[in-house]
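# Commentary on secondary and tertiary structure
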2 protein chains.
Amino acid sequence: MKVYAVSEIEQVVSAGDFQSDLIRALADGFEAFERGEFAAAPVQTLGAPPLAPFGGAGCYVDEGGGTEEYAAQTCVKSGYFRDSPYYVIKVASGGYPWKDNSGCMQVYLQKTGKLEAMLLDDGLLTEIRTAAVGALACQLLAPKRVTCVGVVGVGVQARYQVRMLRRTVLAGDDGDGACRKLLVYGRNGDRVRTYADEMREDGWDVSVADRPDLLLERCQLVVTTTPAREPVLGTSTGGAAVKPKNLLITCVGSDAPGKVELATRLVQQADLCVADWPEQSRVRGEFQNERYDAAASGGGGVVSLGRVVRDAELRRRNDSGGDDDDRFVIFDSSGVALQDCVIAEMVYEALKKKEGG
Amino acid sequence: MKVYAVSEIEQVVSAGDFQSDLIRALADGFEAFERGEFAAAPVQTLGAPPLAPFGGAGCYVDEGGGTEEYAAQTCVKSGYFRDSPYYVIKVASGGYPWKDNSGCMQVYLQKTGKLEAMLLDDGLLTEIRTAAVGALACQLLAPKRVTCVGVVGVGVQARYQVRMLRRTVLAGDDGDGACRKLLVYGRNGDRVRTYADEMREDGWDVSVADRPDLLLERCQLVVTTTPAREPVLGTSTGGAAVKPKNLLITCVGSDAPGKVELATRLVQQADLCVADWPEQSRVRGEFQNERYDAAASGGGGVVSLGRVVRDAELRRRNDSGGDDDDRFVIFDSSGVALQDCVIAEMVYEALKKKEGG
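What comes next is a walk through the structure. On a predicted model such as this, the values are computed, not experimentally measured, just so you know.

## As for helix α5 (residues 189-201) of chain A
Residue and element names in this part refer to chain A. Taking 1.5 Å as the rise per residue, α5 with 13 residues should run 18 Å; its terminal C-alpha atoms sit 18 Å apart, in good agreement. The complete set of buried residues in α5 reads Val192, Tyr195, Ala196 and Met199. Buried residues in α5, looked at end-on, bunch into an arc of 100 degrees, giving them a common side. Within α5, the exposed residues directed more than 90 degrees away from the buried face are Asp190, Arg193 and Glu201. In this fold, the buried residues of α5 make contact with β10 (148-152), α4 (156-167), β11 (181-185) and β12 (205-208).

Here's what the structure looks like:
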């Protein structure tokens, strides 16, 4: 078994065309998933309902006399492509009050069951593969001309999403400066300011919204990245009840039963609802339970990302003009093991190549 | 992260009282499970239905012109005790036609999510914790006087079960030589002979049965260890339709949907049916589907092992004489993550202690 440290992994994922290659590989992966060539095991979520919270000895924090319980959880996702020599088990942990995320990706051989490589990524690869699916959705489903990106939430994934967009699918807009506008909404003023400062350093022209639904009015792409259990977006009365147009909302926050970011009304108003894995979105994504059946006003239901990759009719950005270009599309990413397989295999192959060279 | 090789792990598990300590720790663990203090995630089974078989590049064997597909599968079991600092993810693979089992046990901190120790056990700890539960069942549920042990199947687990019994709960019978009789049934004559020779070297007085139901007539403890998908035991007509008495059957083979070793009739005849995890046994154990409701003639249903640990009335061996001593009991082990937690934590603590000393 080879063990790779996060520093080695960081070098690989920040090098050259890795991120663009990843987006392409994910598109291929989701198409294979659509063809039934990827097997995903049921997700294990530890530390969250219906299992007990993590509460082991020493797991409570006493700060200033109070006792705080963790919101920590760990997600185990496993799967394999039929035509790959590998299967991958991914462990990602987060939600600890004073610690960073952690985790690892484990590459096993289908041929022998042996653990071949251990990528001690501390959750980095999960952040990147999630951001890469956001970028892929933007490429396939965002309006042709994005002049303002909105982001809800100011945590780690809000950083990865925006940086990945800038570096890949929105990079081409650099010339006219059109897509340097970023409109941010977050609940904690201090954290919003820190986030805005960081994004300004990255070259964004950042504004802060005082209410989330302002993003629906001003942006052509909105990415939601919160762990909310009550809708954040589409909750204002009056004007915001008007159906948005010329908009893609990408939801990456909802990844467990009970977590939702959009008002049901918004889900109903969409012209097209897409999910990385519709079946999973029904249980632990943005289209949970009765929202699944209510998705998309046209009665189109929830379409898989793999089908969008395969079917040019469903895509938008750069592919079609005309009538459908003002559509309101929602994409939900609840996270699929295939993303872990794709990135783990790419990183492992790159690491092997470096060692060989 | 500390990585431990199988050779280091072997030293720990074969030392001194480790196996007896393990059986006691498992009894405590199952009692805690019964009290709701253990959280077990849904099992991930890769390479087996409903997921695709492993079929990656290079995963087919060509021997003498034929092409053979694997029966290989990988099981991922995860869980944690509420009062432990750890959670454990266990990966165990088997069924490869020309390779040994493989796997690892991963010890993480609930406090930070960090991977603290990687036990590269190649499946060894899964074999041992499974054998230890068989020994615990024998201790709690076998007739007081066992003069002949039966074993169905002659694979790896058939070895571990019998060796663990000899070393622990049946060790006390050494004086009068009463429990040195082993009656074996297997389908493959060559493999049966090899197995019988090995067990003779271990000091057993081994006989080979020409039909499986002979074990029901001659033994007080029968352990079934096959991957059968059709009943092996209790299928003969005529005399064997008589309800067995003074018998414990421990079933360790059935661990996935569709795998069963006992005829439904036997399950119906039992005075008491016990499972390591009744809920799981209903889906992937010996008491699958309609067999669950048919279990135990007295209408007692399927009782958890934890309840048997807690309730002296349900136990038998060494604890009670009199009327219930000729009961026919079936115990099903489909394997619970708590066994992995117990053994992984014990081994890790022992390894740390060795390093410190």
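Moving on from the model shown.
## Focus on the pattern of salt bridges
A complete count under the given rule lists 33 salt bridges over all chains for this structure. For A:Arg129, the salt bridge identified is with A:Asp340, shortest N-O distance 2.8 Å. Of the two residues, A:Arg129 is situated in helix α3 (residues 124-141) and A:Asp340 in helix α11 (residues 337-356); the sequence distance between them amounts to 211 residues. Across the pair B:Asp271 and B:Lys243 runs a salt bridge whose closest N-O atoms are separated by 2.5 Å. In this pair, B:Asp271 is assigned in the loop between α7 (264-269) and β15 (272-275) and B:Lys243 in the loop between β13 (221-224) and β14 (247-251), connecting sequence segments 28 residues apart. Take B:Lys243: its relative accessible area is 37%, and that puts it in the partly exposed class. Connected through salt bridges with shared partners, the residues A:Arg159, A:Arg163, A:Glu198 and A:Asp202 form a single ionic network.

## Topic: the pairing of strand β17 (residues 328-332) of chain A
All names here are of chain A. Counting buried positions along β17 gives five out of five residues, so the element sits mostly inside the fold. Going residue by residue along β17, you find Phe328, Ile330 and Asp332 tucked away on one face and Val329 and Phe331 tucked away on the opposite face as well. Bridge count for strand β14 (residues 247-251) against β17 is five bridges, and the pairing is parallel. Considered in β17, the bridge of Ile249 is made with Ile330.

## A word on the sheet that holds β14(A)
All names here are of chain A. With parallel pairing, eight strands are arranged side by side in an open sheet as β12-β11-β10-β13-β14-β17-β15-β16. Edge strands, defined here as strands with exactly one partner in the open sheet, are β12 and β16 (302-304). Strand-to-strand, the axes of this sheet are offset by a mean angle of 20 degrees, without reference to chain direction. The sheet contacts of α3 involve β13 (221-224), β14, β15 (272-275) and β17, and relative to β14 the element is tilted by about 160 degrees. Packing of α4 onto the sheet brings it into contact with β10, β11 and β13, and relative to β10 it is tilted by some 165 degrees.

## Here's the deal with the environment of B:Ile89
As for its position among the elements, B:Ile89 is in strand β7 (residues 86-94). Considering only alpha carbons, one finds B:Ile89 and B:Cys104, 15 residues apart in sequence, at a separation of 8.5 Å. Once you skip the residues sitting within four places of it in the chain, B:Ile89 turns out to touch A:Val76, A:Val91, B:Val76, B:Lys77, B:Ser78, B:Cys104, B:Met105, B:Gln106 and B:Tyr108.

## Digging into the packing of aromatic side chains
Centre-to-centre distance and the angle between the planes together describe a pair of aromatic rings. Scanning all chains against the criterion turns up 16 aromatic pairs over all chains. Aromatic pair A:Phe33 and A:Trp277: ring centres 5.4 Å apart, planes at 70 degrees, arrangement edge-to-face. Here the residue A:Phe33 occupies a position in helix α2 (residues 18-34), and A:Trp277 occupies one in the loop between β15 and α8 (278-284), the gap between them amounting to 244 residues. The class of A:Phe33 is buried, set by a relative accessible area of 16%. Residue placement shows A:Arg180 over the ring face of A:Trp204; its charged tip is 5.3 Å from the ring centre. Here the basic side chain of B:Arg282 rests over the ring of B:Tyr292, its NZ or CZ set 3.8 Å away from the ring centre.

## Re the interface of chain B and chain A
Each partner contributes residues to the interface: chain B has 52 residues there, and chain A has 53 residues. Summed over both sides, the interface between chain B and chain A buries roughly 3800 Å², with carbon and sulfur atoms accounting for 61% of that surface. On the chain B side of the contact with chain A, B:Gln44, B:Arg82 and B:Lys111 bury the most area, a combined 16% of that side's loss. Here chain B and chain A share two salt bridges between them. As a salt-bridge pair, B:Asp122 and A:Lys114 come within 3.5 Å of each other at their nearest N and O atoms. Our count for the contact surface shared by chain B and chain A stands at 25 residue pairs in polar contact (both at pLDDT 80 or more). If one sorts the elements of the side of chain B that touches chain A by residue count, strand β6 (residues 73-81) of chain B sits on top with five residues.

## Things to note about the sheet that holds strand β12 (residues 205-208) of chain B
Residues and elements named next belong to chain B. The sheet built from eight strands is open, its strands ordered β12-β11-β10-β13-β14-β17-β15-β16 with parallel pairing. Each edge of the open sheet carries a strand with a single partner, namely β12 and β16 (302-304). When strand polarity is set aside, the average angle formed by the axes of neighbouring strands in this sheet is 20 degrees. Across three bridges, the pairing between β15 and β16 is parallel. For Val274, the partnering residue across the bridge sits in β16 and is Val303. Seen against the sheet, helix α3 (residues 124-141) touches β13, β14, β15 and β17 (328-332) and runs at an angle of roughly 160 degrees to β14.

Definitions and limits used
Here the residue numbers are simple positions, counted from 1 along each chain's written sequence. Going through the entries in the order they are written, you letter the chains from A and number the ligands from 1. Reporting in this predicted model follows two pLDDT cut-offs: at least 70 for local features of residues, and 80 or more for side-chain atom pairs to be given and counted; totals over whole chains, interfaces and linings ignore these cut-offs and use all residues. In computing side-chain values, all of the structure's heavy atoms are included and hydrogens and water are not. Runs of E in the DSSP output that reach at least two residues are strands. Runs of H or I that reach at least four are helices, and both are numbered from the N terminus. Here the expected length of a helix is defined as 1.5 Å per residue gap, with one fewer gap than residues. Three exposure classes are used, based on accessible area relative to the maximum for each residue type with a 1.4 Å probe and protein chains only: buried under 20%, partly exposed in between, and exposed over 50%. Each C-beta atom gives one direction from the helix axis, and the arc is the one those directions make. Residue contacts are defined here by distance: any two heavy atoms, one from each residue, within 4.5 Å place the two residues in contact. By definition here, a salt bridge exists when the distance from a side-chain nitrogen of Lys or Arg to a carboxyl oxygen of Asp or Glu is within 4 Å. The pairing criterion is simple: DSSP has to find at least two bridges between the two strands. Structural elements are reduced to axes, namely lines fitted to C-alpha atoms, with helices fitted over the stretch in contact, and the angle between N-to-C directions of any two is expressed from 0 to 180 degrees. Pairing of aromatic rings covers Phe, Tyr and the six-membered ring of Trp, with a centre-to-centre limit of 6.5 Å; geometry is then stacked below 30 degrees between planes, edge-to-face above 60, and tilted otherwise. Either the NZ atom of lysine or the CZ atom of arginine qualifies as a charge over a ring when it sits within 6 Å of the ring centre and within 35 degrees of the ring normal. Once two parts are put together, the accessible area they lose, assessed with a 1.4 Å probe and summed over both, is termed the buried area. What qualifies as a polar contact is a pair of N or O atoms within 3.5 Å, subject to a donor-acceptor requirement within protein and to the restriction that residues adjacent in sequence count only when both atoms come from side chains.

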